[in-house]
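So the chains spell out like this:
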Amino acid sequence: NAGVTQTPKFQVLKTGQSMTLQCAQDMNHEYMSWYRQDPGMGLRLIHYSVGAGITDQGEVPNGYNVSRSTTEDFPLRLLPAAPSQTSVYFCASRLQGGTEAFFGQGTRLTVV
Amino acid sequence: TQLLEQSPQFLSIQEGENLTVYCNSSSVFSSLQWYRQEPGEGPVLLVTVVTGGEVKKLKRLTFQFGDARKDSSLHITAAQPGDTGLYLCAGDTTTDSWGKLQFGAGTQVVVTP
């Protein structure tokens, strides 16, 4: 099983550029989420989705956009990139009912 | 301010010692989970607790959920170098919030031989 796949693993952007981080899961999970992880801050929720066509904001949504056109895919767009968005980004998926969250391996993003 | 406060932020111990990590909140949780994260990887689930007062054991790891479902602890007995990692607690505040799993800041545990 592939589980949750994130691409790319590493990315360097210039301030003002746009970028889409890709996330795909093959477990037919209803729930998908994007988190950013910064030193000393743990994982902070950016956006989440409870199903295709339904998205909502988390704790730190500003500067990010998401869509969920299929159950499998949940891309995160940075519009436009800013140095404050330098972070490690994780995508996660879960089944309905509060079960285990499965995470991708993360995308390390640097905005210069 | 994070919904879940973890303490301590960092813990360095010798192999064979015991350690406890705490996760506290002013909110009530319908369920609480503990994850461990290795460098360069995503978090991996260790345990889920759902009942107030519940105690779960996973080999040398003991997890407890507070009676009021606002706090939890993770105790490791006779720690080994393989226990080194970032320990994260995460919770769902209601059964309507399954998509909104929120995390504490984490406790970095280092076990030296």
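These remarks concern the structure in this document. (Residues numbered from 1 in each chain as written. Chains lettered and ligands numbered in written order. Predicted model: local features only at pLDDT ≥ 70, side-chain atom pairs only at ≥ 80, totals over all residues. Heavy atoms only, no water.)

Before going further, it helps to spend a moment on the overall build of chain A. Looking only at helices and strands, one finds zero helices and eleven strands in chain A. Tracing chain A from N to C terminus, the helices and strands come up as β-β-β-β-β-β-β-β-β-β-β. For chain A, whose C-alpha radius of gyration is 13 Å, the value lies close to the compact-globule estimate of 13 Å for 112 residues. Considered along the principal axes of its C-alpha atoms, chain A spans approximately 40 × 25 × 25 Å. Burial statistics for chain A: of 112 residues in total, 47% are counted as buried. Within chain A, contacts between residues at least 6 apart in sequence are counted, and of these 53% link residues at least 24 apart. (Helix = DSSP H or I, 4+ residues; strand = E, 2+ residues; numbered from the N terminus. Rg over C-alpha atoms; globule rule 2.2 N^0.38 Å. Buried < 20%, exposed > 50% of the residue type's maximum accessible area, 1.4 Å probe, protein only. Contact = heavy atoms within 4.5 Å.)

To continue, consider the overall build of chain B. Helix and strand counts for chain B come out as zero helices and eleven strands. Seen in sequence order, chain B has helices and strands lined up from the N terminus as β-β-β-β-β-β-β-β-β-β-β. Since a compact globule built from 113 residues should have a radius of gyration of about 13 Å, the 13 Å found for chain B is in line with a globular shape. Projected onto its principal axes, the C-alpha coordinates of chain B cover approximately 45 × 30 × 20 Å. Taken across its 113 residues, chain B has 49% of its residues classed as buried. Here chain B displays about 5,200 Å² of accessible surface, and carbon together with sulfur accounts for 50% of that area. Measuring between centres, the 8 positive side-chain charges of chain B sit 5 Å from its 11 negative side-chain charges. (Areas by Shrake-Rupley, 256 points an atom, 1.4 Å probe, with all protein chains shown as cover. Lys, Arg positive; Asp, Glu negative; His and termini not counted. Charge placed at Lys NZ, Arg CZ, Asp CG, Glu CD.)

Residues and elements named next belong to chain B. On the basis of which strands lie adjacent, the open sheet formed by five strands has the order β1-β3-β8-β7-β6 and antiparallel pairing. Edge positions in the open sheet fall to β1 (5-7) and β6 (55-58), since each of these has one partner strand only. Across this sheet, the average inter-strand angle for adjacent strands is 15°, counted without regard to direction. The sheet contact formed by β1 and strand β3 (residues 19-24) spans three bridges and is antiparallel. Across the sheet, Ser7 pairs through a bridge with Tyr22, a residue of β3. (Pairing = 2+ DSSP bridges. Axes fitted to C-alpha atoms, helices over the stretch in contact; angles between N-to-C directions.)

Right, let's talk about unusual backbone geometry for a bit. Residue and element names in this part refer to chain A. At the junction of Thr7 and Pro8, the peptide bond is cis and its omega measures out at -5° in the coordinates. By the secondary structure assignment, Pro8 is in the loop between β1 (4-7) and β2 (10-13). In the segment running from Leu79 into Pro80, the intervening peptide bond is cis, with an omega of -20°. Mapped onto the elements of the fold, Pro80 is located in the loop between β8 (76-78) and β9 (87-94). A positive phi angle, near 60°, is found at Asn28, a position not held by glycine. Along the chain, the position of Asn28 falls in the loop between β3 (19-25) and β4 (31-38).

Attention now moves to the layout of surface pockets. What the largest pocket holds in volume is close to 580 Å³. For the lining of the largest pocket, the secondary-structure elements that each account for two or more residues are β4, β9 and β11 (107-111) of chain A together with β9 (85-92) and β11 (107-112) of chain B. Here the residues of the lining of the largest pocket sort into eight nonpolar, 14 polar and five charged. (1 Å grid on protein atoms, 1.4 Å probe; cavity = no way out; pocket = protein on both sides within 12 Å on 5 of 7 lines; lining within 4 Å. Points joined across faces, edges and corners; volume = space filled by probe spheres on them. Nonpolar A, V, L, I, M, F, W, Y, C, P; charged D, E, K, R; others polar.)

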